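# Structural overview for review
Chain by chain, the residues:
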Amino acid sequence: MILNALGFLLIITGGAMGIPLIWALYLREPAVTAFFFSSLASVAAGLFMFQFFPAGEEIRHREGFAIVTLSWLLVSLFGSLPYVLTGTLPSFIDAYFETMSGFTTTGASVLSDIETVSLSVLTWRSLTQWLGGMGIVVLFVALLSQAGSSAMQMFKAEAPGPVSEKLKPQAKETAKVLWQTYLVLSLACFLLLWAAGMDFYEAMNHTFTTMATGGYSTKNTSIGYYSPLIQWIIIAFMTMAGINFGLYYLSLRARTLKTLWRNQEFRLYLGIILCATLVVVINIHGKVSHTLEESFRAAAFQVVSITTTTGFATADFDQWPAFSRILLFLLMFVGGSTGSTAGSVKIFRYLILFKQAVLELRRQLHPRHVCCLTVDQKPVDNNILISVLLFFFLYILIYCVGWLVLLLTGMDMTSAASAVATTLGNVGPGLGSVGPAANYAHLLPFAKVFLAFLMLVGRLEIFTVMVLLLPAAWRR
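To keep things clear, this report deals only with the structure shown in the data block.

Analysis parameters
Residues numbered from 1 in each chain as written. Predicted model: local features only at pLDDT ≥ 70, side-chain atom pairs only at ≥ 80, totals over all residues. Heavy atoms only, no water. Buried < 20%, exposed > 50% of the residue type's maximum accessible area, 1.4 Å probe, protein only. Helix = DSSP H or I, 4+ residues; strand = E, 2+ residues; numbered from the N terminus. Core = buried A, V, L, I, M, F, W, Y, C linked by side-chain atoms within 4.5 Å. Contact = heavy atoms within 4.5 Å. Phe/Tyr/Trp six-rings, centres within 6.5 Å; stacked < 30°, edge-to-face > 60°. Axes fitted to C-alpha atoms, helices over the stretch in contact; angles between N-to-C directions. Parallel < 35°, antiparallel > 145°, perpendicular 65-115°, else oblique. Left-handed = near helix turned anticlockwise from the far one by under 90°. Disulfide = S-S within 2.5 Å. Salt bridge = Lys/Arg side-chain N within 4 Å of Asp/Glu carboxyl O. Patch = residues over 30% accessible without salt bridge, like charges linked within 9 Å, V, L, I, M, F, W, Y side chains within 5 Å. Areas by Shrake-Rupley, 256 points an atom, 1.4 Å probe, with all protein chains shown as cover.

Next up on the list: unusual backbone geometry. A negative phi angle is the norm for most residues apart from glycine, just as the trans form is the norm for most peptide bonds. For K346, which is not glycine, the phi dihedral falls at a positive 90°. K346 gets classed as buried once you look at its relative accessible area, which sits at 1%. The backbone of E461 shows a phi angle near 55°, a positive value even though the residue is not glycine. Tracing the backbone shows E461 in the loop between α21 (445–459) and α22 (463–466).

Our focus in this paragraph is the nonpolar core. Formed by 116 residues in total, the largest nonpolar core has its most connected members in I234, L406 and Y440. Once residues within four sequence positions are removed from consideration, Y440 is found in contact with F97, A108, S109, V110, A419, T422, G428, G430, V434, K448 and L451. If you look at the next biggest cluster of nonpolar residues, it comprises eleven residues, including L359, C371, V375 and V380.

Right, let's get into the packing of aromatic side chains. For the structure shown, the criterion picks out 30 aromatic pairs. Geometrically, the ring pair formed by F190 and F200 is edge-to-face, given 5.1 Å between the ring centres and 80° between the ring planes. In this pair, F190 is assigned in helix α10 (residues 171–195) and F200 in helix α11 (residues 200–211), connecting sequence segments ten residues apart. Taking the relative accessible area as the measure of exposure, F190 reaches 12% and is therefore buried. Site record: aromatic cluster; members linked through ring pairs are F329, F333, F391, Y395, Y399, W403 and F463.

This next bit is on the packing of helix α7 (residues 119–134) against α11. It is the contact of α7 with α11, at a shortest axis distance of 7 Å, that shows an interaxial angle of 30°. Considering the angle they form, α7 stands roughly parallel to α11. At the point where α7 passes α11, the crossing takes the left-handed sense. Between α7, through L119, L122, T123, S126, L127, Q129 and W130, and α11, the contact on the second element is made entirely by Y201, M204, N205, T207, F208 and T209.

This model, assessed by the stated rule, comprises zero disulfides. Residue C371 stays outside any disulfide, its sulfur separated by 8.1 Å from that of C372, the closest cysteine.

If you trace the backbone, F48 turns up in helix α3 (residues 31–52). Along the backbone, F48 and F8 are 40 residues apart, and their C-alpha atoms lie at a distance of 9.7 Å.

A word on the pattern of salt bridges. Opposite charge on two side chains lets them pair, provided their charged atoms get close. Per the counting criterion, the structure on display carries seven salt bridges. Across the salt bridge formed by R297 and E293, the nearest N and O atoms sit 2.9 Å from each other. With R297 and E293 both in helix α16 (residues 292–307) and four residues apart, the pair spans about one turn of that helix. Take R297: its relative accessible area is 13%, and that puts it in the buried class. As a salt-bridge pair, R349 and E461 come within 2.9 Å of each other at their nearest N and O atoms. Of this pair, R349 sits in helix α18 (residues 347–365) while E461 sits in the loop between α21 and α22; the two residues are 112 residues apart in sequence, bridging distant segments of the chain. The structure contains a network of salt bridges with shared partners spanning K346, R349 and E461.

Bringing a nonpolar patch on the surface into the picture now. Together, F36, F37, L40, L77, V84, L85, F92, I93 and V449 make up a nonpolar patch on the protein surface, roughly 770 Å² of accessible area in all. Of all the secondary-structure elements, those providing two or more residues to the nonpolar patch are α3, α5 (81–86) and α6 (92–103). With three residues, the single largest contributor to the nonpolar patch is α3. By secondary structure assignment, the location of I93 is in helix α6. Assessed through its relative accessible area of 31%, I93 is described here as partly exposed.

So yeah, pure geometry; function would need other evidence.
Okay, structure coming up:
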């Protein structure tokens, strides 16, 4: 049953390779052969698994976790083939790191000179982020011929956040709504970038990586290469990509933007971005940028890019004043809204933790006072509160262990701390030797494999991966 589902996902992956294959044919690049055989291998393996291992049973919690985790490992394995076969990244570990970074929308790269890479390979690199942004398993659920509890198990296992918003009665219909919203916003982003001066190819690639909050660019200097207008457009769409996609659908159905503003997570999300931007502007104005517009644009871009875990850059913020660097580092632990393409901890969890902390302080003053934790005037189930507390504990624990592991590989303290934060939070660029002006190519093979694992753990929000490490998950 698990192999059947994994086979279908491999077919989707192989079919997606047709897009860079078309570009390679159009541009007459040597990569045609590499993409043809990569696509053929993915589709052939997928068809074999799909045909010879029929799905006859209902997918339960354990199978749902296994399908989601193994699918990301498997599609990253086959997605590495174009890098290896084209010679772009001859090392399989480097190729797997780059692919996992793409599908998990982390944006950490081992490529030193992006502009020398063939355009078709860069297209595949960007496309992996777009597919991973909304989720390859969510796409699989949307394409399922039958929907039910099986689809819901997989949807819940991959959907970001402590709660999976049910926009429709069936998981398949909810997945369709999310992907349709994703497509519409992607089209709008593409048209605006194209109209603002990007050519068709660059607009397409940067749309893929902006809406996925991924951060891969086709230029060595990232978005700093482009005009201020393009930078503002990308700021706007990074911000939109960090909002719960379900809210767009609910706002459209209600035909009012009040649905957005009434959402407490949305208001806190915008508040954090605005406050952090203003503070950074004050800190860098006259030191990094000399006009108010430049300071505001640089601050807004980096704050939004880090908060939404996109990872684009317009400047080497590792050279900014210490206050701004530390603030951006702390924003790596924030993330976007639940149900968005952003990674990290998520605003909703902080909202619950803050509200629960206030309630506990009130209980200290009034021990007999009975109060209920609510968000958007709805009571929060105690199971969700426990899940949030456990997630936060595991997130910090994994971060600390990861930091120590990287220190053992010889990395300096700052680089190790930021490398774990950016991979676990799916951010991309960090500080020090993995800053926005550097990359991850110099790391030891073990460090790359370990960070690739952290990318997966962060993208699937810990529980989906960690539950498979329990012996009970494999017992009958």
